[in-house]
Amino acid sequence: MTIKVVRGNPTPEELAAALAVVRARAAAAQAEPSGAPTPRDSWSDPARVATRPVPRAARNRARQASA
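Residues numbered from 1 in each chain as written. Predicted model: local features only at pLDDT ≥ 70, side-chain atom pairs only at ≥ 80, totals over all residues. Heavy atoms only, no water.

Visitor: Sorry if this is basic, but what is going on with the overall build of the protein here?
Guide: Each helix and strand in the protein was counted, giving 2 helices and 0 strands. For 67 residues, the compact-globule estimate of 2.2 N^0.38 gives 11 Å, and the C-alpha radius of gyration of the protein, at 23 Å, exceeds that figure by more than 25%. In terms of overall dimensions, the protein has a C-alpha envelope of 55 × 40 × 15 Å along the principal axes. Taking all 67 residues of the protein together, the buried fraction comes to 0%. Carbon and sulfur atoms form 57% of the exposed surface of the protein, whose accessible area is close to 6600 Å². If the 11 positive side-chain charges of the protein are averaged to one point and the 5 negative ones to another, these points end up 17 Å apart. (Helix = DSSP H or I, 4+ residues; strand = E, 2+ residues; numbered from the N terminus. Rg over C-alpha atoms; globule rule 2.2 N^0.38 Å. Buried < 20%, exposed > 50% of the residue type's maximum accessible area, 1.4 Å probe, protein only. Areas by Shrake-Rupley, 256 points an atom, 1.4 Å probe, with all protein chains shown as cover. Lys, Arg positive; Asp, Glu negative; His and termini not counted. Charge placed at Lys NZ, Arg CZ, Asp CG, Glu CD.)

This is the structure we're talking about:
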């Protein structure tokens with residue numbers, strides 16, 4: 001693995017911290033089986049979708065606040 005600093009002048013401690021994070025992420029990626037399912041992102045959770053429309057009064061307040 002080759003890491004190159006292209007901007008800035010990190011201290012040895014900053015560089016060591018950044019390398020520790022990169023190495024830990026690389027090791028975790030290699031340890032996971034390639035066919036393993038990935039965890040669902042909470043943004044795609046169907047429970048987040050509104051089940052009914054927003055009341056008209058709330059829409060009107062939002063429009064007034066943005067104007």
